[in-house]
Amino acid sequence: MCKLFDNTIFHFFRQELSSNHFNLSSNTDIMLLIMFNLKAIQKTILFLSIAVFFTSFVLILYFAANSPNGFLANSVGAKPITAFTTTDVQRFSYGEKIVITEDVKIKDDLSTIISQDLDATLLSKNEFRFNGLVYLKNADVISVALSALVNVELSKGEYFINTNPIRIHVLSGEVIYNQNTVANVNQTVIWQVDRFKANTLNTDDFLLNQNYSDLVKLLKEINLLPSQLTDLSLNISDVTTVTVSDAEDADLIAGCASDLLLQRLLCNLNNYRVDNNLKKIILDEDLNQLALSHVIWMDANQSVSTIESNGLSYMERCKNIGIDCSAEINLMVEGYDSLRIFNQIIQNRNILDKDLSLVGVNVSGNYLSILLR
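The residue count restarts for each chain, going from 1 along the sequence in the order it is written. Residues qualify for local features only when their pLDDT is at least 70, as the model is predicted, and side-chain atom pairs are given and counted only at 80 or more; totals for whole chains, interfaces and linings, by contrast, use all residues. For side-chain calculations, the full set of non-hydrogen atoms in the structure is used, while hydrogens and water are omitted.

Enquirer: I'm lost on the sheet that holds strand β10 (residues 151–154) in this one. Help?
Expert: Two modes of strand pairing occur in sheets, parallel and antiparallel, and in both the strands are linked by backbone hydrogen bonds. We treat two strands as partners when DSSP finds at least two bridges between them. By the criteria applied, helices consist of DSSP H or I runs no shorter than four residues and strands consist of E runs no shorter than two, each listed in order from the N terminus. On the basis of which strands lie adjacent, the open sheet formed by 7 strands has the order β3-β6-β7-β9-β10-β13-β14 and mixed pairing. The open sheet is flanked by β3 (97–100) and β14 (180–184), the only strands paired with a single partner. Taking the axes of each pair of neighbouring strands and ignoring which way they run, one obtains an average angle of 25° across the sheet. In this structure, β10 lies alongside strand β13 (residues 174–177), joined through 2 bridges in antiparallel fashion. Among the inter-strand pairings, L154 is bridged to a residue of β13, identified as V175. What counts as an axis is a line fitted to C-alpha atoms, over the stretch in contact for a helix, and the angles between N-to-C directions run from 0 to 180 degrees.

Right, here's the structure in full:
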């Protein structure tokens, strides 16, 4: 059977090769020709394999060296993100969690990020995720995740971004959400559960919110303060430490004549309390954040109320963060000047509570909220 099979194969090759003008006289000639062709095929396959190997090797080296997260770039310490602090220089890859609890600056060819307590992930040069408060200056459109549900695009510009509560100060550029521009230069955009609301930029925030104030001071120290804030005075002593018993006191006049509404209100309130032989009250960051959250709620719901939609009163909201509050004052201030607002505030007898020492105050749109303790 095997012999018959072999003869059949050789008969087939003899016919095929003879038809192509090969002069083959024996089975041995056919075998030699077949072996010659197999060697040629093997050489061709080997050559192609070597070519594919070297091509793949070169491509791997190229992408490893040029990809910011390539293994070669990381192995030689060339991670794409460099974070500078006063004590250290750290490098991170895209997609790697960045947590730095001190003053930090990250700068590359597209963006500059400044923070005092950075919690972020840079997924690529144009895609960031933040938690907390940062100053961001970008030279191209970037995508920023502010929470698991909220993602915005920021055009080329300068921004202060706070994720708790979600709030973006647009110093230059514009904020795009769901393909719609929701805020542009000199506006503040605030997240309202399922949409954004834009207000005129209020520089009081940078003075009266301690976190913003500290960040602005840091920007001044490293010569990166945005031009829009160069004239902003952060001397909060005008509000909290002036000697208000002397009507001619220069600091008093400066504080109560400030261009900042909330600074004028606080200065006048301290003046009022000292005139009634009471101690001055000072700004408190916890109260400021609670007042901000509540006034945003009032503005969104167009309602003056101490009870929010969740049913919590100001006392319950204060207890939720571990403090006790004495009073809350809420006003709609549309069209009111600072004197009229002040006169409304002092109608509340809690202003003359002798035990008061701390205050939080914030404005959103046409609404104002004050918390006292």
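Enquirer: Looking at this structure, how should I read the pattern of salt bridges?
Expert: It is possible for side chains of opposite charge to pair when their charged atoms get near one another. Every case where a carboxyl oxygen of Asp or Glu lies within 4 Å of a side-chain nitrogen of Lys or Arg is listed as a salt bridge. Tallied over the full model, the rule gives 4 salt bridges. Residue D119 pairs with K97 through a salt bridge whose shortest N-O separation is 2.8 Å. You can see D119 sitting in strand β6 (residues 118–124) and its partner K97 sitting in strand β3, a full 22 residues away along the chain. The closest approach of N and O atoms between D355 and K354, which form a salt bridge, is 3.4 Å.

Enquirer: Would you explain the layout of surface pockets in this entry?
Expert: Gaps left between atoms show up when a probe the size of a water molecule is rolled over them. Within this model, the largest pocket holds a volume of roughly 400 Å³. If you go around the largest pocket, you meet 16 residues; those closest to its centre are G132, L133, N162, N164 and N211. Among the elements of the structure, β11 (157–163), α5 (210–221) and α9 (285–301) are those that each provide at least two residues to the lining of the largest pocket. Here the term charged refers only to Asp, Glu, Lys and Arg, the term nonpolar to Ala, Val, Leu, Ile, Met, Phe, Trp, Tyr, Cys and Pro, and the term polar to all other amino acids, Gly among them. The class makeup of the residues in the lining of the largest pocket is 3 nonpolar, 10 polar and 3 charged. Put plainly, a pocket is an open set of points on a 1 Å grid over the protein atoms alone with protein on both sides within 12 Å along at least five of seven lines, a cavity is a set where a 1.4 Å probe fits but cannot get out, and a lining residue has an atom within 4 Å of a point. Grid points are joined across faces, edges and corners, and a volume is the space filled by probe spheres set on the points.

Enquirer: Which parts of the structure should I look at to understand the nonpolar core?
Expert: Inside soluble globular proteins, nonpolar side chains tend to come together where they are buried. We define a nonpolar core as any set of buried Ala, Val, Leu, Ile, Met, Phe, Trp, Tyr and Cys residues linked to one another through side-chain atoms lying within 4.5 Å. Each residue gets one of three labels from its accessible area relative to the maximum for its type: buried under 20%, exposed over 50%, partly exposed in between, using a 1.4 Å probe on protein chains only. In this structure, F160, F206, L229, I345, L368, I370 and L372 are the most contacted members of the largest nonpolar core, which totals 40 residues. Breaking this core down by element, the ones donating at least two residues are β8 (133–138), α4 (204–208), α5, α8 (261–275), β18 (327–332), α11 (338–345), β19 (358–364) and β20 (367–372). Counting residues per element, this core draws most heavily on α5, which supplies 5 residues. Residues count as neighbours in contact if any of their non-hydrogen atoms are within 4.5 Å of one another. Aside from chain neighbours lying at most four places away, what touches L372 is I281, L287, C325, S326, A327, I329, N350, I351, L356, L358 and V359. In terms of nonpolar packing, the next biggest core, distinct from the first, is built from 34 residues, I98, F130, Y177 and A183 among them.

Enquirer: Just to check I follow, could you spell out the packing of aromatic side chains for this structure?
Expert: Working definition: an aromatic ring pair is given by the centre-to-centre distance plus the angle between the planes. Any two of the Phe, Tyr and Trp rings considered here, Trp counted by its six-membered ring, make a pair once their centres fall within 6.5 Å; the pair's planes then place it as stacked at under 30 degrees, edge-to-face at over 60, or tilted in between. With the rule as written, the count across this model stands at 10 aromatic pairs. Relative to F196, the ring of Y177 lies with its centre 5.2 Å away and its plane at 80°, an arrangement referred to as edge-to-face. Of the two residues, Y177 is situated in strand β13 and F196 in strand β16 (residues 196–200); the sequence distance between them amounts to 19 residues. There is no split in this pair, since Y177 and F196 are both buried. Each residue in the set Y135, F160, F206 and Y212 is aromatic and connected to the rest through ring pairs, giving one cluster.

Enquirer: Before we go on, may I ask you to explain the environment of E96 in this structure?
Expert: Here E96 is to be found in the loop between β2 (89–92) and β3. Sequence separation between E96 and L122 is 26 residues, and the spatial gap between their C-alpha atoms is 7.2 Å. Apart from the residues lying within four places of it in its own chain, the contact partners of E96 are K79, A120 and T121. Contacts described as polar in this section are N or O atom pairs within 3.5 Å, which, within protein, must combine one atom able to donate a hydrogen with one able to accept it, while residues neighboring in sequence count only if both atoms come from side chains. Within polar-contact distance, the side chain of E96 engages the backbone nitrogen of S93 at 2.9 Å.

Enquirer: Any chance you could explain the pairing of β8 here in plain terms?
Expert: A regular strand carries its side chains on alternate faces of the sheet. Taken across its 6 residues, β8 has 5 buried, putting it largely inside the fold. Where strand β5 (residues 111–115) lies against β8, 4 bridges are found, and the strand directions are antiparallel. When the sheet's bridge partners are listed, T112 is paired in β8 with K137. Bridge count between β8 and β11: 6 bridges; the pairing is antiparallel. Residue pairing in the sheet places N138 in a bridge with G157 of β11.

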